[in-house]
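Observations on the model geometry
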Amino acid sequence: MRGREREWRVALGLFRAARSGKSAVLLLDGESGTGKSRFLAEAADTAAELGFSLAVGHAEELGQLVPMAPLFSAFNESPITLISQAPTVDTRIMLVERLRARAEALASRNPLVVVLDDLQWADPVTLMALRTLESQLSPQPLVWMLARSTDRHGTEVERLFTALEAEGAVRLELAPLSPDAVAEVIADLLIAPPGHELLELAAGAGGNPILLVELMTGLREEQAISVSGGLAHLASERLPQRLQGLVTRRLERLSSQARQLVETAAVLGQSFSPEDVAEALGRTPATLLPALDEAMDAQVLVVGSDSLRFRHDLVRKAVVEGLPPPVRQALHHQIGGLLLERGGSAVGAATHLLLGGQHGDTRTLAGLDQAVNELLADAPGTAADIAVRAMELTDDDSPQHFTRTLTAAHAMTEAGQLTGATDLITRALAQPLPPPAVAQLRCALSAILLLAGQMADAVIEAEAALAEPTLPDGTRDEALATLLYALAGQQDGDCAIRQAESILAGTERRADAVMVSALVVLSVAQWDRGRLIDGLRLARKAVQLANEGSRAARRTHPKLALASMLLDIRRLSEAETVLQAAREEAKKLGHTAWAIGPAILGARLELACHRLTDAVTWAEAGLAAADTLGTHLFTSMGMAVLGTAALRRGDLQTAAACVETDRALLPDYAATHGQMRCQVVAAQVAEALGQPRRAMALIAGLYPVLDQRRSLLVVEPTVAAWLVRLALSVDDRRRAETVVAAADRLAADNSDFPLFLAAAAHARGLLDQDVSALAVAVAHAVDDYAQASAREDLGAALALNGERDGAIRSLDDALAGYEAMGAVRDAARARRRLRRLGVRHRHWARGEGTALGWEGLTATQRLVARLVAQGLTNRQVADQMFISVHTVAFHLRQIFRKLDINSRVDLTRLTIEEAYLHPRSTGQE
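Everything in this summary refers to the structure shown in the same document. Predicted, not measured: the structure shown is a model, and the values here were computed from it.

The rules we used
- Residues numbered from 1 in each chain as written.
- Predicted model: local features only at pLDDT ≥ 70, side-chain atom pairs only at ≥ 80, totals over all residues.
- Heavy atoms only, no water.
- Helix = DSSP H or I, 4+ residues; strand = E, 2+ residues; numbered from the N terminus.
- Rg over C-alpha atoms; globule rule 2.2 N^0.38 Å.
- Buried < 20%, exposed > 50% of the residue type's maximum accessible area, 1.4 Å probe, protein only.
- Areas by Shrake-Rupley, 256 points an atom, 1.4 Å probe, with all protein chains shown as cover.
- Lys, Arg positive; Asp, Glu negative; His and termini not counted.
- Charge placed at Lys NZ, Arg CZ, Asp CG, Glu CD.
- Polar contact = N/O pair within 3.5 Å; in protein donor to acceptor, adjacent residues only side chain to side chain.
- Contact = heavy atoms within 4.5 Å.
- Pairing = 2+ DSSP bridges.
- 1 Å grid on protein atoms, 1.4 Å probe; cavity = no way out; pocket = protein on both sides within 12 Å on 5 of 7 lines; lining within 4 Å.
- Points joined across faces, edges and corners; volume = space filled by probe spheres on them.
- Nonpolar A, V, L, I, M, F, W, Y, C, P; charged D, E, K, R; others polar.
- Salt bridge = Lys/Arg side-chain N within 4 Å of Asp/Glu carboxyl O.
- Axes fitted to C-alpha atoms, helices over the stretch in contact; angles between N-to-C directions.
- Parallel < 35°, antiparallel > 145°, perpendicular 65-115°, else oblique.
- Left-handed = near helix turned anticlockwise from the far one by under 90°.

All right, on to the overall build of the protein then. In terms of helices and strands, the protein carries 48 helices and 10 strands. By the compact-globule yardstick of 29 Å for 925 residues, the protein is too spread out, its C-alpha radius of gyration being 38 Å. Once the C-alpha set of the protein is aligned to its principal axes, its extents read approximately 125 × 80 × 45 Å. The burial tally for the protein puts 54% of its 925 residues in the buried class. For the protein, the accessible surface area stands at approximately 39,600 Å², while carbon and sulfur atoms represent 53% of it. Of note, the protein has its 94 positive side-chain charges centred 6 Å away from the centre of its 112 negative side-chain charges.

Printed below as a string of structure tokens:
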């Protein structure tokens, strides 16, 4: 029996005791529907199979007219028959004596199990007889199994159970089923594991087996269950008639007053105060006491910590659904009005006003407006739902219709519902409106376009709004802040810089949100120019001003800009602290649309810490949310992280897919770093595929602007060296010299940051094959990947100079660094350099070749499998992995053996299937 393993162990233990000649008593408590009767029936069947004699009976609600009826039925006797056999003896004493004799006779042949259910209905004489018989029959091999429902409070049966427990009886309460047991029961009934929405609905049963079974059986009968993806899903929001009938029958046992109370309370909610239900019924709490006692005695209602509540929310939902819709709506309207009249927060009234709202009702609409204002800061999604409903309930010609439309658009934008907000504003702009109203709508639209990454359109709308002379000051500040960020997000940020400088230098008093935005824009501009000290100073100032200022100032999210800068200069501990603060702030502000930023920057942090799997996880989560919400300020940055991680793993196809899409070209937060990084990764993929001239064509435009737009050299420590390497590979020394000069000036201007000294030395060392410069790069590198790269180039330079031992040491160190970071392709390249020096390192672990299947493949074999599945020849795989064609063939033979296949077609099919079912096993996480 699902979820009753403990009770079964107790019962079986008592059976064993009886078979050894001892008596025992099991007392079962539990609310109606917890499965007491079923448990007793199955226990009786088990006892019979074990050779026990049985005496099974139960009390009935109307059975108290016949004293001791449960005992008579258990022993298959009639009281009339027993009395006729001994008419001269006191009836009650005689009946107990005769029942004792019958029990002893049964127990003398086989151990006896006496099962009595529903003792909450038992008459006092029966309970007295039970107490006497249990005492008299204690020497017999007998098990008493006595059960009662806690739905009805009876002092006599409670007194009996307490006394028996005090004398050694085992007392168990059949508690509600655990969540795991509920899921198992649903799976048994529906022949499929439940989906999350089905589990949420089932939770309303509170673990009550009867409610759960009736719910699931009814849903199945009404074909309200669909199975997809191997899970059972809810296909209808209505409760099944089968469950409705069960609840209706329970309510029919109540008086009309108690039933009216329960129905009104159900509309109030899962929990409620006696004052609320009394006020809704137009009565005093004192006059409701009899009805409340009756509902609680029936266990429909129970006492909570500071209120009354329904014992099972599923019952409450069924009661509400059972009300005629007009009655239900009228009750919601009445309750909403009562809550509003009390004053204070309107949030509690909002739900009732939404469900019972009537078109044009000014009191309802005023309450909804108040609730929106209260919720907008912390729960914009809920505020948006209420605001839209308020707008729908407002007459089109009402002066409040525009105000509520604008409020709904703001709330939807804050909640990340950009498409809905855009549609709302577009429809409103199609109507004849006065110029100030149009300007306010265009201001709201500019904020949406900014979040969507449509910078040019955002600038147009913001400037149009600002051109309206009667624009309210608050709206003007919003438009100005949006304009600053939109201008900064374009390729030419000079306009943003001029605007920000004008704001900070001006004498006109500006809102702190505008001042923070201007500081962020200037900090990013200084960063882009390579003036890192000034950039950090301005970013920190923006964060401080936001922390000390208004909520609107914090909603400009300067912490994200500061965290990005700290990541660039590899101050990872501080970056993590700032990023966590930004994450908590976005959550606290309810600013869903900006919550993606911390996720993407978290991916950058993981990448900087060389935790590739975690970097991919964070980036994919952030990008999935961005796609859902349509907010793309951080999309190109996330694509650059994915592309870089794939490149380091040697998965060139995935890397290319990440950075050669439209998503990689979207502007990012107050800068264009993400776009440039995607361009570089695309070029690195082309270079890795043996196409250096195509790689140069992809990024040729970056070389001339490196000295003016230094952010590319800042954001990734190895970029300068790679740009030099690429230029030299196509015999373009002039471009290589341009990179070195820009890197030198960046290092000279930022001597406080040793990583730029290392990057400049690395670039110069490659240009001139200068061993001493490369040694400086190794010594001053802050980033582990940059240091491994510098060690590799130092080893290659030493090998050219004939310094074999030093070259081997440096390359060994580079190899160890690459392997520690999971940079598979870089490690393979370092191995090839070592092989050329006569040093061979195995790149698959010993002892891994015995297991079969995907789990038996080494990391190298998984990479070979992926590349072959992408259609590459053995030669192309060898070129990418810097190994010989013979080594590729060796790995393929091992792969075929472990996967029990014999063709590349089979390998491709299995790789695709495995990547879909278990992405981590193929390295596609």
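Let's pick the thread back up.
Attention now goes to the side chain of His352. Position of His352 relative to the elements: it lies in helix H17 (residues 347–356). Given a relative accessible area of 6%, His352 falls into the buried group. Among the polar contacts listed, one links the side chain of His352 to the side chain of His332, at a separation of 3.0 Å. When near neighbours in sequence (up to four residues on either side) are disregarded, His352 contacts Val267, Leu268, His332, His333, Ile335, Gly336, Leu339 and Gly357.

With that settled, the discussion passes to the pairing of strand S3 (residues 112–117). The buried count for S3 comes to six of six residues, which makes it a mostly enclosed element. By the alternation rule, side chains of S3 split into Leu112, Val114 and Leu116 and Val113, Val115 and Asp117, which are all buried. Note that strand S2 (residues 53–58) and S3 share six bridges and pair parallel. Counted as the bridge partner of His58 is Asp117 from S3.

When its volume is computed, the largest pocket comes out at roughly 1,000 Å³. Every residue lining the largest pocket is counted, 39 residues in all, and those nearest its centre are Glu687, Arg725, Glu792, Arg829 and Arg833. Of all the secondary structure elements, the ones that give two or more residues to the lining of the largest pocket are helix H33 (635–649), helix H35 (673–688), helix H38 (719–729), helix H42 (784–800), helix H43 (804–821) and helix H44 (824–836). At nine residues, the largest contribution of residues to the lining of the largest pocket is made by H42. Grouping the amino acids of the lining of the largest pocket by side-chain chemistry returns 18 nonpolar, eight polar and 13 charged.

This next bit is on the pattern of salt bridges. With the rule as written, the count across this model stands at 43 salt bridges. Residue Arg442 pairs with Glu461 through a salt bridge whose shortest N-O separation is 2.7 Å. Here the residue Arg442 occupies a position in helix H22 (residues 435–451), and Glu461 occupies one in helix H23 (residues 455–466), the gap between them amounting to 19 residues. Residue class for Arg442 comes out partly exposed when judged on its relative accessible area of 27%. We classify Glu461 as buried; its relative accessible area is 14%. By sharing partners, the salt bridges in this structure join Asp29, Arg148, Glu158, Glu165 and Arg171 into a single network.

Bringing the packing of helix H26 (residues 512–528) against helix H27 (residues 532–548) into the picture now. Helix packing geometry: the angle between the two helix axes and the distance between the axes. Interhelical geometry of H26 versus H27 gives an angle of 160° and a closest axis separation of 8 Å. Judged on the interaxial angle alone, H27 and H26 are roughly antiparallel. The handedness of the crossing between H26 and H27 comes out as left-handed. For the pair H26 and H27, contact is made by Asp512, Met515, Val516, Leu519, Val520, Leu522, Ser523, Gln526 and Trp527 and by Leu532, Asp534, Gly535, Leu536, Leu538, Ala539, Lys541, Ala542, Leu545 and Ala546, respectively.

Quick look at the sheet that holds strand S9 (residues 301–303) now. Strands sit in the order S8-S10-S9 across an open sheet of three strands; the sheet is antiparallel. Looking along the sheet, the strands with just one partner apiece sit at the ends: strand S8 (271–272) and S9. Strand direction decides the pairing type here: S9 and strand S10 (residues 308–310), joined by three bridges, are antiparallel. Across the sheet, the residue bridging to Leu301 is Phe310, located in S10. Across the sheet, helix H14 (residues 289–297) lies against S9 and S10, angled at about 100° from S9, the strand it touches most.

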